[in-house]
There are 2 protein chains.
Amino acid sequence: MTISHNELANAIRALSMDGVQAANSGHPGMPMGMADVATVLFTRYLKFDPADPKWPDRDRFVLSAGHGSMLIYALLNLTGYARPTMDDIRNFRQLGSPCAGHPENFELAGVECTTGPLGQGLAMAVGMGVAERHLNAVFGDDLVDHRIWVIAGDGCLMEGINHEAIGLAGHLNLGRLIVLWDDNKITIDGAVSLSSNEDIPARYRATGWHVVSCDGHDPVDIARAMEEAMADPRPSLVQCHTVIGKGAPGKEGTSAVHGAALGAATVSETRVALGWTSPAFEIPEAIAAEWRAAGQRSAEAHRAWDVRLKASDAKVAADFTSRMAGDLPASIEGFDAYLADLQASPKTVATRKASEMALEVLTAALPEMIGGSADLTGSNNTKTKSLSVLSRDDYAGRYVNYGIREFGMSAAMNGMALHGGVIPFGGTFMVFSDYARPAIRLSALQRARVIYVMTHDSIGLGEDGPTHQPVEHLMSLRVMPNLSTFRPCDVVETAECWALSLENQDGPSLLALSRQNLPQLRTDVSENLCAKGAYRLVTAQAARKVVLIATGSEVEIAVNTAKALEAQGVGADVVSMPSWSHFDAQPESYRNDVLPDDALLVSIEAGITMGWERYTGRKGLNFGMTGFGASAPAPDLYDHFGLTPEKIAPQILAALN
Amino acid sequence: MTISHNELANAIRALSMDGVQAANSGHPGMPMGMADVATVLFTRYLKFDPADPKWPDRDRFVLSAGHGSMLIYALLNLTGYARPTMDDIRNFRQLGSPCAGHPENFELAGVECTTGPLGQGLAMAVGMGVAERHLNAVFGDDLVDHRIWVIAGDGCLMEGINHEAIGLAGHLNLGRLIVLWDDNKITIDGAVSLSSNEDIPARYRATGWHVVSCDGHDPVDIARAMEEAMADPRPSLVQCHTVIGKGAPGKEGTSAVHGAALGAATVSETRVALGWTSPAFEIPEAIAAEWRAAGQRSAEAHRAWDVRLKASDAKVAADFTSRMAGDLPASIEGFDAYLADLQASPKTVATRKASEMALEVLTAALPEMIGGSADLTGSNNTKTKSLSVLSRDDYAGRYVNYGIREFGMSAAMNGMALHGGVIPFGGTFMVFSDYARPAIRLSALQRARVIYVMTHDSIGLGEDGPTHQPVEHLMSLRVMPNLSTFRPCDVVETAECWALSLENQDGPSLLALSRQNLPQLRTDVSENLCAKGAYRLVTAQAARKVVLIATGSEVEIAVNTAKALEAQGVGADVVSMPSWSHFDAQPESYRNDVLPDDALLVSIEAGITMGWERYTGRKGLNFGMTGFGASAPAPDLYDHFGLTPEKIAPQILAALN
């Protein structure tokens, strides 16, 4: 008995509408509309192995229109992944089920990245495409030769990040990237024409893409379009003309099917219309078998790849395997020597420069590190001697000119990290972390090892003024779960924070770095003290009455404030606190020792003070910013905003009396 | 004696390079490269009156490439604005000078908006274009008939927001918007071709724009292109082929002139090359006179406009004047009656629904309110009966379908607010405040009256899961200066917060609103208690040992927790705290009364707890989130994350023992 395309596709439709109906929540329209396209992709072209979801040379499939999550849950189940089980699908959107409202890579193998925030799936796919071409250039066709497939909706294409992502992909000519656009002409509010009259194919062509169209419900036409896309050396947009909610009588083609359950009556009518007679969550065995067979399609390719890996040069194979696993060497060549040199010959440099110095060592030792900047290379100090430019003509390069695309850069780095085999880091001005913030959040949620190099981290940047001076950013980043936010105070702490960032395999790290020069305050490099998050840098000479807590460029100010207090006979510790999250993870005894109850607790940081009460309490003192900065040379600003030892020390003395 | 175009343009070049040289900081390349285009615009086409910079019918000039700030400082000085004086320019980028590193509308009349964060100037100009067409539709050609001119660089065009902004402008066919693109092929890192190979004119055409090119150094050709742009009914992109740093020997046309002073030697050589013999900051009187004459060009048009305003219907003229001044009526029709109705008949509704109910009254009373949503109209509850759609066919409408463009919407709202005459409000899911964040920051910095309607404000949104559940957002918004962040707990507080948002003429407001229903906790509506930021909602019955502080949907939980504590004989106040910033502005005595030292201070909020120590101290208790949420029905999530009276009350009792 032959199973028809329609029967295969209707299995997706049925599971999708039934899953949403059971949850009484979700988005049936997209999975039903794209069921035909997905069926052709998974049964004919996608290279994947449900028995080994992490096979490094698999194609990556990204559901950028993440609200259509039932589509991928249905596909993973039908093609034979261990999860989701049918019970998982029955529990769609319930606590404990891996079938979350939007696809989450940390819940299910086979979900390559977490999507839902629109546009970012496609932008992460661009990063996966960069990683694929780079690893191909390094390890060759035998080991790395796969595609990135994306399903994207009108929302993904309307978001600003779409422009940044496709600009980067077009510039780098990522021919392995194929975007299947669900062109159903419907958004949540109604027709796309309510808010856009753009000629999307023309825009993609203007950005260096190949564009092909198809009838998204005709499997022959879909296959033709996919084959044209695969044959073209450019990244491809496949315009799939579809009907949202295809198959749901009276509702298909309208926004009514976008984001709500169809209702029991329409579900029944849809069953009739589709000729689907099975009860909810049941798939006829013949159809199920055909889907399982589709899941075996790449098994032979996988075995052949295993053979090629074994036949590879042993060191190459070991390197490849270790890089894909994300392992670091037990010790990083040259790093201890670099620290020893700092101990011997202290350096006064901006921490952005200190970052470059650390990176010189790290990028020389770790070929998996791929750097870049959003058009601020000379300011972010992200390009080292080891890094040549990664371009369409040389994918082996390790430095990406991301262009003026902070969000696109960050999302691409997420994709690179999730692809595996590379460790991305990228720079911009810290104030523009706002532009990148939605991607930083996805780094954190997905626990992707992405390292953000955020320079010019306070009013210390000076003349560029308040539009360019981060004030609230440090605090707003500290409150983001899973993100390690570091603000080192000198060249030694910067090196230590870089080491911690690389070791942080399960999440993103962000380095807040100064524009201005800072003296080296640490000479003992025997222990990575930043790993504790905060530590006593200076111990009070007189009886301790004050503990000054500072970060980054204000640690020097705290040290000088302590001197001024000691000159008045007031003992003051200085605590450097490069990372709140690391400090919070220390034992209570350590935390109480560093921040004792019996001293006046004082924070000094050139950022918004709100939040510091976590450590200084309701009765402590907080020196910092309460509003936006101003345009002037940095020393003038520190004086203007009262962030000098001369202005701080008297206030502390007054508070003690 | 006739003054040549070149002499006029070279006055800009000289002031720009001299200002940057004196500061030894800044960006000479753009002003020197665009001096010819700006000269043609200001001497021939721009409608403006330096003697009355706020004349409502002036053209708006937006320097989206804000780093080229010396261009506008030179233009304002030369054309006769009161500020900047030549001394101001001498003190470019110094404390106290209005000539900040990037143009700031709050420093100088004639600067229409604060720019520097790339792409946002152009996007704000789109909003100004919306306001212009809307007010034209309402008040007619006699009172409102002007253009929006933008100078944008490659950075503005590469940023993602460019896509959103031009998509909206193309969709609304804002023919009064003309973007002068400084096509100099250079970015900070070098050639644009390092990071982009996009056909920008083709992309603009694909989005419904008219595109025309010119030689950006040939005044005749520039004028031709501007006239073609003005004649075309579509928004226009004028591609100006320019040489960055035009006139600087050996440096022009390279990234070396982008962001650093030319150096004394090159400044001298440039003087020679330009034939500019005057010392720094001196303009030959004949050239200065010609520039001043250019500043008088629209004086007659201004007088004619004054006449038309006086000839207008008295009520129309009064309405127009009052709206442009941003005045609100002394009392808003129907609002007190609405509150009285709530007092009489309490309502249990989601605060997003409560927001819609308040908006029904407000939008009926205030024709200046223009609403919208980023494609979540039915979820954000932003469209009321009074609002019809603003479209290219009906600019009189008051509801904008912004499309899936959160950032573009927010930047456009900034432009609308800064244009004046309208009060914009717009909605999206609160988690996507991240997408809009760079524009929210500019609302705050510019103190623009924009009202952000952020619904689905916690894990209470339920099944959509962690990608859609704001967790860190409330706190990250509270730390932004000048932004009033409100989180009302019921239908009454929502109305009060709306009133406060409208009254907040000097800054943006943001309403965090629930998806889920909430009981009405307030029945006494005699005073707007939200104006105090926090207040005692429930007074302890037994001797007070605990103060529970909560916001939004968790106030109900706090009330029930208090009941559980009282049942154990433990007295507990409940404080509702809809606005931290309003509470912080209260007298110390009030704050100490609400949050006394002698009670255990406990916060309950379904967001990240970090930051609440500001009010609860180091020894208080903080109930909330410490990580991301999960996908499940809301009640399951509240239980899972321990945010129920049953789980909270025992921990408080334990802490008291």
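Preceding this section is the structure that the text describes.
Residues numbered from 1 in each chain as written. Chains lettered and ligands numbered in written order. Predicted model: local features only at pLDDT ≥ 70, side-chain atom pairs only at ≥ 80, totals over all residues. Heavy atoms only, no water.

## So, empty space enclosed by the protein
Once rolled over the atoms, a probe with the size of a water molecule shows which space is left empty. Rule in force here: Method remark: on a 1 Å grid restricted to protein atoms, a set of points is classed as a cavity if a 1.4 Å probe fits but cannot get out and as a pocket if it is open with protein on both sides within 12 Å along at least five of seven lines; lining residues have an atom within 4 Å of a point. Grid points are joined across faces, edges and corners, and a volume is the space filled by probe spheres set on the points. By the criteria applied, helices consist of DSSP H or I runs no shorter than four residues and strands consist of E runs no shorter than two, each listed in order from the N terminus.
Summed over all chains, the structure comprises ten cavities of 30 Å³ or more. Empty space within the largest cavity amounts to approximately 120 Å³. What lines the largest cavity is a set of 16 residues, among which Glu164(A), Phe407(A), Tyr435(A), Phe407(B) and Tyr435(B) lie closest to the centre. Every element with two or more residues in the lining of the largest cavity is listed here: helix 8 (160-172) and helix 19 (433-446) of chain A together with helix 8 (160-172) and helix 19 (433-446) of chain B.

## Here's the deal with the environment of Gly26(B)
Residues and elements named next belong to chain B. For the record, the criterion: Each residue is assigned to one of three classes by its accessible area relative to the maximum for its type, calculated with a 1.4 Å probe on protein chains only: buried under 20%, partly exposed between the two thresholds, exposed over 50%. Whether two residues are in contact is decided by their heavy atoms: any pair within 4.5 Å suffices.
Relative to the elements of secondary structure, Gly26 occurs in the loop between helix 1 (5-23) and helix 2 (29-33). A relative accessible area of 3% places Gly26 in the buried class. Between the C-alpha atom of Gly26 and that of Gly101, which follows or precedes it by 75 residues, the distance is 6.8 Å. Contacts of Gly26, omitting those with residues within four sequence positions, involve Val20, Phe92, Arg93, His258, Gly259, Ala260 and Ala261.

## Structural notes on the sheet that holds strand 10 (residues 399-401) of chain A
Residue and element names in this part refer to chain A. This is how it is decided: Pairing between strands is defined by DSSP: at least two bridges between the two strands are required. A fitted line through C-alpha atoms serves as each axis, taken over the contacting stretch for helices, and the angle formed by two N-to-C directions is quoted from 0 to 180°.
Strand order in the open sheet formed by six strands is 10-9-11-12-14-13, and the pairing between neighbours is parallel. In the strand order of this sheet, the two ends are held by strand 10 and strand 13 (484-486), each with one partner. Strand-to-strand, the axes of this sheet are offset by a mean angle of 20 degrees, without reference to chain direction. Of the strand pairs in this sheet, strand 11 (residues 423-429) and strand 12 (residues 451-455) are connected by five bridges, and their pairing is parallel. Counterpart to Phe425 in the pairing with strand 12 is Ile451.

## Details of the sheet that holds strand 17 (residues 544-550) of chain B
All names here are of chain B. Across the sheet, which stays open at both edges, the five strands sit in the order 16-18-17-19-20 with mixed pairing between neighbours. The open sheet has two free edges, formed respectively by strand 16 (535-538) and strand 20 (621-625), since each of these has just one partner strand. Between one strand axis and the next, the sheet turns by 25 degrees as a mean value, whatever way the strands run. By the bridge criterion, three bridges tie strand 16 to strand 18 (residues 571-576) in an arrangement that is antiparallel. When the bridges of strand 18 are listed, Arg536 appears paired with Val575. In the packing of helix 27 (residues 645-656) onto the sheet, contacts are made with strand 17, strand 19 (600-608) and strand 20, and the angle to strand 20 comes to roughly 155 degrees.

## So, unusual backbone geometry
Residue and element names in this part refer to chain A. Of the consecutive residues Arg83 and Pro84, the connecting peptide bond is found in the cis state with omega at 5 degrees. Take Pro84: it is sitting in the loop between helix 4 (69-79) and helix 5 (86-90). One non-glycine residue, Asp375, adopts positive backbone phi at about 65 degrees. If you trace the backbone, Asp375 turns up in the loop between strand 9 (369-373) and helix 17 (377-380).

## Focus on the pairing of strand 19 of chain B
Residue and element names in this part refer to chain B. Along strand 19, nine of the nine residues are buried, which leaves the element largely enclosed by surrounding structure. As judged from the four bridges shared by strand 19 and strand 20, these two strands associate in the parallel manner. Across the sheet, the residue bridging to Ile604 is Phe623, located in strand 20.

## Quick word on the interface of chain B and chain A
Defined as follows: Salt-bridge detection follows one rule: a side-chain nitrogen of Lys or Arg within 4 Å of a carboxyl oxygen of Asp or Glu. In this classification, the charged set is Asp, Glu, Lys and Arg, the nonpolar set is Ala, Val, Leu, Ile, Met, Phe, Trp, Tyr, Cys and Pro, and all remaining amino acids, among them Gly, are polar.
Facing the 103 residues of chain B at the interface are 103 residues of chain A. Across the contact surface, chain B and chain A share twelve salt bridges. Between Asp597(B) and Lys619(A) there is a salt bridge whose closest N-O contact spans 3.1 Å. The dominant element in the side of chain B that touches chain A, judged by the number of residues it contributes, is helix 19 of chain B, at seven residues. In the side of chain B that touches chain A, the residues fall into 39 nonpolar, 37 polar and 27 charged.

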